[in-house]
Amino acid sequence: MDISRLSFSSNTVLEDPLPWVYQLEDIGFTGWEMVQEGTQCLREDNLPKIREVVDTTNLVLTMHMPFSDMNLAGLNPGIHGEVLRQMKNYLYLASELVEVAVVHPGYLSPYGKKVSDRAWDTNIRSIQELCDTAEEYGISIAVENMPNFPMIFGREPDEMLRMLDDVDRDNVGMTLDIGHANTTGHVESFLEKCSDRILHVHLHDNMGKRDEHLPAGRGTVNWEAVKKGLSNYKGRLVTEMSSLEEGRESLDFLKGL
C-alpha cells in the first residue's frame, strides 16, 4: 500500500468541515474525500470555499455521493427520479474538483423484495445514468461494496463483479471498502477476485459483525492480507473516521505496516 496516497474522510457530518480540512496535511494526509451529507454537501454558495482548499493546499479531492434516503434500486418513479437528479447535480458541482465519485448500490425495498429482478435492473440503469453524466465531466464512478446489511446489493465479490459487468461502462470501477468486506468475511476474496476492478479503496476496522468504522488496527481486519492484496494498487486510500484523532491513529498504524 502506498500511504503517500492516503486521504481522510469524516463520517461525522454535523459540523463545518473546512476548519479541520486545513489540518489534514499537517497530520500527514494528502487528500480529502467530501461526503455529500449534511454540512459537507456541495452547494453553489460554498463552492468558492472548496475551490480555495484546492488552490491553497496540495490535497487531492474525491467525492462520496449521498447515501441517506437514497436508493438507486428504488421503484417509486418520482422518488427515484429525484435521487438521480440530486446525484447528477453533485457530479456537476464537483466537475472541476474531483476525478472519482463513490456511490453506494441500491437495496431492496419491501416492494422491491417482491420483484427483485426489476430492482436489480433499476439499480444497473441508475449506475449507467450516473456513469454517462460523470463521463461528461471526466469523472469515474466507483461503486462501493456493502457491509452485512440485509437486502442491499454488493455484499459479495461475485455480485459486485456481475454489477460492474452489467453496467458496462468504461468509467465504472469498484470502491473496495475493507471494513465492509470484513463484516461479510470477504476481505481476501474481494482482494483476489476483484483486483483488476478496484478503482478506489476505503480503510477502516471493525470486530467482524457491525460496520463500526474503527481506526485501523483496533478490530479484526487482517491488515497483512490487505497490504499484500493492495501491493500493486496505485489509487487513493481513504480512511473513513469520525475524528481527526482517529484519522491520525489509523495513519500511524498504516505506517507501521
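This write-up is about the structure you can find in this document. (Residues numbered from 1 in each chain as written. Predicted model: local features only at pLDDT ≥ 70, side-chain atom pairs only at ≥ 80, totals over all residues. Heavy atoms only, no water.)

Points about the nonpolar core
Counting 74 residues, the largest nonpolar core has Leu42, Met63, Leu91, Ile141, Val143 and Val201 as the members making the most contacts within it. It is helix H6 (residues 116–136) that provides the largest number of residues to this core, a total of seven residues. (Core = buried A, V, L, I, M, F, W, Y, C linked by side-chain atoms within 4.5 Å. Buried < 20%, exposed > 50% of the residue type's maximum accessible area, 1.4 Å probe, protein only. Helix = DSSP H or I, 4+ residues; strand = E, 2+ residues; numbered from the N terminus.)

A word on the packing of helix H4 (residues 77–93) against H6
Packing of H4 against H6 brings their axes to within 10 Å, and their N-to-C directions diverge by 25 degrees. As far as their axial angle goes, H6 and H4 are roughly parallel. The crossing of H4 and H6 is right-handed. Residues His80, Leu84, Met87, Lys88 and Leu91 of H4 pack against Thr122, Ser126, Glu129, Leu130, Thr133 and Ala134 of H6. Across the contact of H4 with H6, the residue classes tally to five nonpolar, four polar and two charged. (Axes fitted to C-alpha atoms, helices over the stretch in contact; angles between N-to-C directions. Parallel < 35°, antiparallel > 145°, perpendicular 65-115°, else oblique. Left-handed = near helix turned anticlockwise from the far one by under 90°. Contact = heavy atoms within 4.5 Å. Nonpolar A, V, L, I, M, F, W, Y, C, P; charged D, E, K, R; others polar.)

Observations regarding the sheet that holds strand S1 (residues 6–10)
Spatially, the eight strands close up into a barrel ordered S1-S2-S3-S4-S5-S6-S7-S8, and their pairing is parallel. Here the average twist between neighbouring strands, direction ignored, is 30 degrees. With two bridges joining them, strand S3 (residues 60–64) and strand S4 (residues 100–103) adopt parallel strand pairing. Across the sheet, the residue bridging to Met63 is Ala101, located in S4. Contacts from H6 reach S4, strand S5 (140–144) and strand S6 (172–177) within the one sheet, and its direction differs from that of S5 by about 150 degrees. Seen against the sheet, helix H7 (residues 157–167) touches S5 and S6 and runs at an angle of roughly 160 degrees to S6. (Pairing = 2+ DSSP bridges.)

With respect to the pattern of salt bridges
A side chain with one charge can pair with a side chain of the opposite charge if their charged atoms come near. Taken as a whole, this structure holds 10 salt bridges when the rule is applied. Note that Asp132 is salt-bridged to Arg169, the shortest N-O span being 2.8 Å. Of this pair, Asp132 sits in helix H6 while Arg169 is found in the loop between H7 and S6, placing the two residues 37 residues apart along the sequence. Among the residues examined, Asp132 registers a relative accessible area of 32% and is labelled partly exposed. When the shortest N-O distance is used, the salt bridge between Asp165 and Arg197 registers 3.1 Å. (Salt bridge = Lys/Arg side-chain N within 4 Å of Asp/Glu carboxyl O.)

Here we look at the side chain of His204
Looking at the element boundaries, His204 is found in the loop between strand S7 (198–203) and helix H10 (223–229). What His204 contacts, discounting residues up to four positions off in sequence, is Asp177, Ile178, Gly179, His180, Asp211, His213, Leu214, Val221, Trp223, Glu240 and Met241.

Observations regarding the packing of aromatic side chains
Summed over the entire model, instances satisfying the criterion amount to six aromatic pairs. Here the aromatic rings of Phe8 and Trp20 are separated by 5.5 Å at their centres, their planes lie at 80 degrees, and the arrangement is edge-to-face. Residue Phe8 is located in strand S1, and its partner Trp20 is located in helix H1 (residues 18–21); the two are separated by 12 residues in the primary sequence. Taking the relative accessible area as the measure of exposure, Phe8 reaches 1% and is therefore buried. Under the relative-accessibility criterion, Trp20 is labelled buried at 7%. Ring plane angle 70 degrees and centroid distance 6.1 Å describe the contact between Trp223 and Phe253, whose orientation is recorded as edge-to-face. With Trp223 in helix H10 and Phe253 in helix H11 (residues 244–256), the pair connects residues that are 30 residues apart, well separated along the chain. Among the aromatic side chains, those forming a connected cluster through ring pairs are Phe8, Trp20, Phe29 and Trp32. Over the face of the ring belonging to Trp120 we find Arg162, whose NZ or CZ atom lies 4.0 Å from the ring centre. (Phe/Tyr/Trp six-rings, centres within 6.5 Å; stacked < 30°, edge-to-face > 60°. Lys NZ or Arg CZ within 6 Å of the ring centre and 35° of its normal.)

Purely geometric numbers; function is a separate question.
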